[in-house]
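# Chains, contacts and geometry: an overview
Here's the letter readout for the chains.
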Amino acid sequence: MSMPPVFDPHSPEARAISVLFAQTLVVCAAIGLLVAVLVGYCVVRFRARPGDPAPAENPGNKRLEAVWTAVPLGILVLLFILTARTVGAADPPVDREPDLVVVGHQWWWEATYKEGAVTANEIHIPVGRKVLVRIESADVIHDFWVPQLARKIDAIPGHPGFIWMEADAPGPYVGTCAEYCGVEHAWMRILVIAEPQAEFDAWLAHESHPASALSSDEAAARGAKVFQEKTCINCHAVAGSAHDARVAPSLTHLAERKTLGAGVIGNTPADLAHWLRDPQGVKQGCHMPNLNLTDPEVNDLVTYLETLK
Ligand code: CUA
């Protein structure tokens, strides 16, 4: 069984938050335990017995009042200092241009690298390097949260934010939108793939170019035509073609992604066909309409989209 991500940090920033969580938990647990023990002791030791008079009160005990003011104040000051130190460690100042811009949409994430690559819902980063991400929103308030790599940050329309992200080991790290943003809030997953620098560079170079030459396959050519005629092009971009709409996820390298619909299903040809046939059945309320495609159209479209690598 794997640890919940909050307890398994993989960056200095996330580790600082995890440590603060543990420290706060220890302080609060100690207080809770002390109160429970004292209450239990008093309930037994000072319980009313038949014939006992009403207990005497002890008003105006200055020393007692000083103690019960000073101790909680000291605990709060301690927690404040720990929190302030964590904020500094988890959120270092921004000192350069961002490496990529992530925009929250209902209900998916768009990522644009400064080198020009555009992708959706899957973000690649190099291992062991601090990546500065600019966070924006295209519509309502979202919240970008990959708990193992960085703090949370709201994506607020018209008000960009910045976050440092880093991974100390290769791997996929799962994140999610953490601010309720409408009907498909739950399916606004983020997959951060951390990989060695050389692999990352290769990925970025590949991603910055259009998909390799379209296959000469007849079905793929028919699918490309369906893509234009069924107005997919009004929302989706495919680099290297004339389509550069930014309303919906760029499909430039769609076939390489692990999931569709921001994590709602996988990305096999069968999944893709399912999605094209009935997007509202797969992700109810999403902005992808049902285009009432025929089975041959779906097959051709899938063949075409699978060439986008
Ligand atoms: Cu986007 Cu919740």
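Counting restarts for each chain, with residues numbered from 1 along the sequence as it is written. Reporting of local features is limited, given that this is a predicted model, to residues whose pLDDT is at least 70; pairs of side-chain atoms are given and counted only at 80 or more, and all residues count toward the totals for whole chains, interfaces and linings. As a convention, hydrogens and water are excluded, and side-chain values are obtained from all of the structure's heavy atoms.

## Examining the overall build of the chain
Formally: The secondary structure listing takes helices from DSSP runs of H or I that are at least 4 residues long and strands from runs of E that are at least 2 residues long, numbered from the N terminus. We compute the radius of gyration from the C-alpha atoms alone; for a globule the expected value is 2.2 Å times N to the 0.38, where N is the number of residues. Throughout this description, buried means an accessible area under 20% of the type-specific maximum (1.4 Å probe, protein chains only), exposed means over 50%, and partly exposed covers the range between. Contact between two residues is taken to exist if any of their heavy atoms lie within 4.5 Å; hydrogens are not considered. Calculation of accessible area relied on Shrake-Rupley with a 1.4 Å probe; when residues are assessed, cover is drawn exclusively from the protein chains displayed.
Broken down by element type, the chain carries seven helices and 14 strands. Its C-alpha radius of gyration of 27 Å places the chain more than 25% over the 19 Å reference for a compact globule of 309 residues. Taken along the three principal axes of its C-alpha coordinates, the chain extends 100 × 45 × 40 Å. The proportion of buried residues among the 309 residues of the chain is 41%. For the chain, the proportion of contacts with a sequence separation of at least 24, taken over those separated by at least 6, is 64%. Entry remark: accessible area of the chain is about 16,900 Å², with carbon and sulfur atoms responsible for 64%.

## Observations concerning the environment of proline 55
The topology assignment puts proline 55 in the loop between helix 1 (12-45) and helix 2 (62-90). Here proline 55 falls in the exposed class, since its relative accessible area comes to 73%. Along the backbone, proline 55 and threonine 112 are 57 residues apart, and their C-alpha atoms lie at a distance of 71 Å.

## Examining the packing of aromatic side chains
This is how the line gets drawn: Note on ring pairs: Phe, Tyr and Trp rings are taken, using the six-membered ring of Trp, and paired if centres are within 6.5 Å. Classes follow the plane angle, with under 30 degrees stacked, over 60 edge-to-face and the rest tilted. Only when the NZ atom of a Lys or the CZ atom of an Arg is both within 6 Å of the ring centre and within 35 degrees of the ring normal do we say a charge sits over the ring.
All chains considered together, the criterion is met by seven aromatic pairs. Clustering of aromatic rings is evident, with ring pairs tying together Tyr113, Phe200 and Trp203. Lying across the ring of tryptophan 187, arginine 189 places its NZ or CZ 4.6 Å from the centre.

## Observations concerning unusual backbone geometry
Between glutamine 106 and tryptophan 107 the backbone carries a cis peptide bond, its omega angle lying at -5°. Looking at the secondary structure, you find tryptophan 107 in the loop between strand 1 (100-105) and strand 2 (108-113). Residues other than glycine seldom take positive phi values, yet asparagine 121 does so here, at roughly 65°. Structurally, asparagine 121 is set in the loop between strand 3 (118-120) and strand 4 (122-126).

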